[in-house]
Amino acid sequence: MKLYDAAVAPNPRRVRWVMAEKSITDIEVVRLNMAEGQHKTDEFLTRTDGFVGLPILETKDGTTLTESLAICRYLESLYPEPNLFGRTAEEVAIIEMWTRRVELLVAHPLMIGVRHLSPMLASLEQQDAAFGDRNRDLGIKALTLLNQRLTHRDWIAADRLTIADIVAFVGLDFTRLIRLVLPENLVEAARWADMMRERPAARA
Ligand SMILES: N[C@@H](CCC(=O)N[C@@H](CS)C(=O)NCC(=O)O)C(=O)O
């Protein structure tokens, strides 16, 4: 299998993180330069139905998968341990619920904020600073709820690391590009973020 990847970008990082947690080493990782548009060639666009974006996974039979979470789920099916998406019906549903919450309300607005505010990403976006500010602030507001959730617990969705933690942290950590400082009152979120940063997979 082959993973088309990009440095710094948060969505490919979700997949690299999952690969590291599961000790997957038999996928070739091909790094593309997004600033040079290497991910938008006609060949890629044909394979991805016109949808632009990394990561892209080419499976053993040549199927093209896009969407980082679809790729992570596929990897979970092939490499079930350690489990990141849930074992029982209830656990699967709770992890999915938290993954959707943190993706839509935390990670996505923060990532859009960074895209519109970081000079490093100016080649990828017609940047609009006010739109960036608004999205960054929405992400920070949702972090308050995450902070509340993390009071008296270590992980967002279960009693162990799950895909919800990976999606939330990778989105939050992307804000280092705009040097975002977490509001001081988000003590629990900061504790959890430190724990995530310490994992070996954080360096994948
Ligand atoms: N929903 C997609 C989003 C993919 C996406 O937007 N990836 C970004 C990198 S994090 C990208 O490739 N951006 C390049 C561009 O917009 O030209 C996923 O989760 O895989």
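For the structure, see preceding data.
Rules and cut-offs
- Sequence order as written defines the numbering, with residues in each chain counted from 1.
- With the structure being a predicted model, the display of local features is reserved for residues of pLDDT at least 70 and the display and counting of side-chain atom pairs for 80 or more, all residues being used for whole-chain, interface and lining totals.
- To get the side-chain values, all heavy atoms of the structure are used, and hydrogens and water are removed first.
- To pair, rings of Phe, Tyr and Trp, with the six-membered ring standing in for Trp, must have centres within 6.5 Å; the planes then decide the type, stacked if under 30 degrees apart, edge-to-face if over 60, and tilted in the middle.
- A helix here means a DSSP run of H or I that spans at least four residues, while a strand means a run of E at least two residues long, and both kinds are numbered starting from the N terminus.
- Only protein chains enter the accessibility calculation, which uses a 1.4 Å probe. A residue is then buried if its area is under 20% of the maximum for its type, exposed if over 50%, and partly exposed in between.
- A molecule or strand has a residue near it when one of that residue's heavy atoms lies within 4 Å.
- The term polar contact refers here to a pair of N or O atoms within 3.5 Å; inside protein, the definition further demands a hydrogen-donor-capable atom paired with an acceptor-capable atom, and it admits residues adjacent in sequence only when both atoms are side-chain atoms.
- With residues, only the protein chains shown are counted as cover, and all accessible areas are computed by Shrake-Rupley using a 1.4 Å probe.
- The definitions used throughout rest on a 1 Å grid laid over the protein atoms alone, on which a cavity is an enclosed set of points accommodating a 1.4 Å probe that cannot get out and a pocket is an open set flanked by protein within 12 Å on both sides along at least five of seven lines; lining residues are those having an atom within 4 Å of a point.
- Cavity and pocket membership follows a simple rule, namely that a molecule belongs there if more than half of its atoms are within 2 Å of the grid points.
- Any residue outside Ala, Val, Leu, Ile, Met, Phe, Trp, Tyr, Cys, Pro, Asp, Glu, Lys and Arg is labelled polar, Gly included; the first ten of those are nonpolar and the last four are charged.
- We define the nonpolar core as a collection of buried residues of types Ala, Val, Leu, Ile, Met, Phe, Trp, Tyr and Cys that are connected through side-chain atoms lying within 4.5 Å of one another.
- Domains are outlined according to an automatic or database domain assignment.
- Between two residues, a contact is recorded if the distance between any of their heavy atoms is within 4.5 Å.
- The pairing criterion is simple: DSSP has to find at least two bridges between the two strands.
- Here the term right-handed applies to a crossover when the path leading from its first strand over the helix to its second strand runs clockwise, the strands being oriented away from the viewer.

> Just give me the short version of the packing of aromatic side chains, but keep the residues and values in it.
The final tally for this structure, using the stated rule, is 3 aromatic pairs. Look at Tyr-4 and Phe-44: their rings are 4.9 Å apart centre to centre, the planes differ by 80°, and that puts the pair in the edge-to-face class. Separated by 40 residues along the polypeptide, Tyr-4 in strand 1 (residues 2-5) and Phe-44 in helix 2 (residues 42-47) bring together distant segments of the chain. Geometrically, the ring pair formed by Trp-17 and Phe-169 is edge-to-face, given 5.6 Å between the ring centres and 65° between the ring planes. With Trp-17 in helix 1 (residues 10-21) and Phe-169 in helix 6 (residues 163-173), this residue pair connects regions lying 152 residues apart in the sequence. Grouping residues by exposure puts Trp-17 and Phe-169 together as buried. Members of the aromatic cluster, connected to one another through ring pairs, are Trp-17, Phe-169 and Trp-192.

> For the site of the ligand, give the residues involved together with the corresponding values.
In the vicinity of the ligand there are 16 residues, among which His-39, Leu-54, Glu-67, Ser-68 and Arg-115 approach most closely. For the ligand, an oxygen atom lies 3.3 Å from a polar atom in the side chain of Asn-11. Contacts to the ligand include His-39, whose side-chain N or O atom sits 2.8 Å from an oxygen atom. Within the complex, 81% of the 510 Å² of free accessible area of the ligand lies under protein. Because more than half of its atoms lie within 2 Å of the grid, the ligand is assigned to the largest pocket. In terms of residue count, the dominant contributor to the shell around the ligand is helix 1 (4 residues). Its residues assigned to classes, the shell around the ligand comprises 8 nonpolar, 4 polar and 4 charged.

> Explain the nonpolar core residue by residue, including any values.
Counting residues in each nonpolar core, the largest one holds 51 residues, and the members touching the most others are Ile-27, Leu-75, Leu-146, Ile-156, Ile-163, Ile-166 and Trp-192. Residues from two domains meet in this core; each of domain 1 (2-78) and domain 2 (89-203) gives at least three. Residue contacts for Trp-192: discarding those within four places in its chain leaves Leu-146, Leu-150, Asp-154, Ile-156, Asp-165, Ala-168, Phe-169 and Leu-172. Of all hydrophobic cores here, the second largest spans 8 residues; its members include Ala-6, Ala-9, Phe-44 and Leu-54.

> Give me the pairing of strand 1: which residues, what numbers.
Here strand 1 pairs with strand 2 (residues 28-31) via 4 bridges, running parallel. What sits directly across from Lys-2, in strand 2, is Glu-28. A crossover connection joins strand 1 to the parallel strand 2 through helix 1; in handedness this β-α-β unit is right-handed. In the sheet, strand 1 pairs with strand 3 (residues 56-58) via 3 bridges, with the strands oriented antiparallel. Residue pairing for strand 3: Lys-2 is matched across the bridge by Glu-58.

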